[in-house]
Amino acid sequence: MQYKISPSILDVQPDQMISYVNTLIDWGVSNVHYDVMDNEFVPNKALELEKIKEIANKCKKHTMDIHLMVSDVMKYYMMYKNVGDILTFHYEAFKSKEEFFELIDQAKKDHIKIGLAINPDTDINSIFPYLKYLELVLVMSVFPGLGGQVFIEGTLERVKILKDYVLKNNLDLIIQIDGGIKAHNIKSCYDAGITLAVVGSYLVKNFSKKEIDRLTNWDKKNW
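Scoring rules and cut-offs
Residues numbered from 1 in each chain as written. Predicted model: local features only at pLDDT ≥ 70, side-chain atom pairs only at ≥ 80, totals over all residues. Heavy atoms only, no water. Core = buried A, V, L, I, M, F, W, Y, C linked by side-chain atoms within 4.5 Å. Buried < 20%, exposed > 50% of the residue type's maximum accessible area, 1.4 Å probe, protein only. Contact = heavy atoms within 4.5 Å. Helix = DSSP H or I, 4+ residues; strand = E, 2+ residues; numbered from the N terminus. Lys, Arg positive; Asp, Glu negative; His and termini not counted. Salt bridge = Lys/Arg side-chain N within 4 Å of Asp/Glu carboxyl O. Axes fitted to C-alpha atoms, helices over the stretch in contact; angles between N-to-C directions. Parallel < 35°, antiparallel > 145°, perpendicular 65-115°, else oblique. Left-handed = near helix turned anticlockwise from the far one by under 90°. Nonpolar A, V, L, I, M, F, W, Y, C, P; charged D, E, K, R; others polar. Phe/Tyr/Trp six-rings, centres within 6.5 Å; stacked < 30°, edge-to-face > 60°.

Concerning the nonpolar core
Here is step 1 of the chain: Within the largest apolar cluster, 69 residues are counted, with the highest numbers of intra-cluster contacts made by Ile9, Tyr34, Phe89 and Ile114.
Here is step 2 of the chain: Residues in contact with Ile9, not counting those within four places in the same chain, are Met17, Tyr20, Val21, Val32, His33, Tyr34, Leu47 and Ile55.
Here is step 3 of the chain: Within the second largest apolar cluster, 7 residues are counted, among which are Ile86, Leu138, Met140 and Val142.

So, unusual backbone geometry
Here is step 1 of the chain: Phi angles above zero are rare outside glycine, and Asn39 is one such case at about 65 degrees.
Here is step 2 of the chain: Note that Asn39 resides in the loop between strand 2 (31–37) and helix 2 (49–58).
Here is step 3 of the chain: For His111, which is not glycine, the phi torsion reads 60 degrees and is therefore positive.
Here is step 4 of the chain: Relative to the helices and strands, His111 is located in the loop between helix 4 (97–110) and strand 5 (113–118).
Here is step 5 of the chain: The class for His111 is exposed, based on a relative accessible area of 71%.

Details of the side chain of Asp178
Here is step 1 of the chain: Along the chain, Asp178 turns up in strand 7 (residues 174–178).
Here is step 2 of the chain: The side chain of Asp178 sits in the buried core without any salt bridge; Lys182 is the nearest counter-charge, 11 Å away.
Here is step 3 of the chain: For Asp178, the contacting residues outside a window of four places in its chain are His33, Asp35, His67, Leu138, Val139, Met140, Ser141, Val142 and Val198.

Some details on the packing of helix 3 (residues 73–80) against helix 4
Here is step 1 of the chain: Where helix 3 contacts helix 4, the two axes come as close as 10 Å, and the packing angle between them is 15 degrees. In terms of orientation, helix 3 and helix 4 fall into the roughly parallel class. In the packing of helix 3 onto helix 4, the handedness of the crossing is right-handed. Counting all contacts with helix 3, which are made through Val73, Met74 and Tyr77, the residues of helix 4 involved are Glu99, Glu102, Leu103, Gln106, Ala107 and Asp110.
Here is step 2 of the chain: Taken together, the residues of the contact of helix 3 with helix 4 sort by class into 5 nonpolar, 1 polar and 3 charged.

Thoughts on the pattern of salt bridges
Two side chains with opposite charge may pair up if their charged atoms get near one another.
Here is step 1 of the chain: On inspection of all chains with the given rule, the structure shows 9 salt bridges.
Here is step 2 of the chain: In this structure, Lys168 and Asp164 form a salt bridge, with 3.2 Å as the shortest nitrogen-oxygen distance. Taken as a pair, Lys168 and Asp164 lie in helix 5 (residues 155–168) at a separation of 4 residues, close to a single helical turn.
Here is step 3 of the chain: Looking at Lys168, the relative accessible area reads 66%, which means it is exposed.
Here is step 4 of the chain: For Lys187, the salt bridge identified is with Asp191, shortest N-O distance 3.1 Å.

A closer look at the environment of Pro43
Here is step 1 of the chain: With respect to the element layout, Pro43 can be found in the loop between strand 2 and helix 2.
Here is step 2 of the chain: With relative accessibility at 75%, the residue Pro43 sits in the exposed group.
Here is step 3 of the chain: Pro43 sits 40 residues away from Val83 along the chain, and the two C-alpha atoms are 24 Å apart.

Focus: the environment of Pro14
Here is step 1 of the chain: Examined against the element boundaries, Pro14 turns out to sit in the loop between strand 1 (4–5) and helix 1 (17–26).
Here is step 2 of the chain: Judged by relative accessible area, which is 47%, Pro14 ranks as partly exposed.
Here is step 3 of the chain: As a C-alpha pair, Pro14 and Leu47 span 33 residues in sequence and 9.0 Å in three-dimensional space.

Details of the packing of aromatic side chains
Here is step 1 of the chain: Across all of its chains, the model carries 12 aromatic pairs by this definition.
Here is step 2 of the chain: Centroid distance Tyr3 to Tyr190: 4.2 Å. Interplanar angle 20 degrees. Geometry classified as stacked. Separated by 187 residues along the polypeptide, Tyr3 in the segment before strand 1 and Tyr190 in helix 6 (residues 186–192) bring together distant segments of the chain.
Here is step 3 of the chain: Residue Tyr3 is classed as buried on the basis of its relative accessible area, which comes to 15%.
Here is step 4 of the chain: The exposure class of Tyr190 is buried, given its relative accessible area of 4%.
Here is step 5 of the chain: Arranged with centres 6.4 Å apart and planes meeting at 10 degrees, the rings of Tyr76 and Tyr80 form a pair that is stacked. Of this pair, Tyr76 and Tyr80 both sit in helix 3, separated by 4 residues, roughly a single helical turn.

Okay, structure coming up:
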């Protein structure tokens, strides 16, 4: 059975990003994960709008999965709505239910797909009322803001709870995980219910088609 990854380019050198993304696409990857940080919601900055626009213009067609770790949701929505295919904002960034529904209403008018990310220390049940309005839920398996962190094991139980809710309510939803994903733990993520795994620094350090095949096609003989 084949599963999907959305490689993050956070740890790729800026002058190599276009080549990296094009190579991913040549190797059969259809989603690429773009991290945007505002140095406010998280104490760091990552990809800038102009760089992501350059990648969109110069790279082969792919699903641009943009993860916005930002405090001002509507400001960044307006900045990125014509660039990304899925825009994912953090549940913790919304100041009210009204702000969430303002985003959903605007995205519906603009025909933009919206995802919702949730931090490791936020109750997974708190996002359930909003799932029917989304295309994607991103379960963070590290605290957002830095690449190369260690996977938080308790995340898998959170994914199982989320997956159970999605199945029981017959929702059509991508369940994504991000943070510390490597070859040795990706199978347990898929087993828990993940359909799209973000792989960042691990893939940058082990960049090959063989590794991508290993991350997306697995059975007992490979593990």
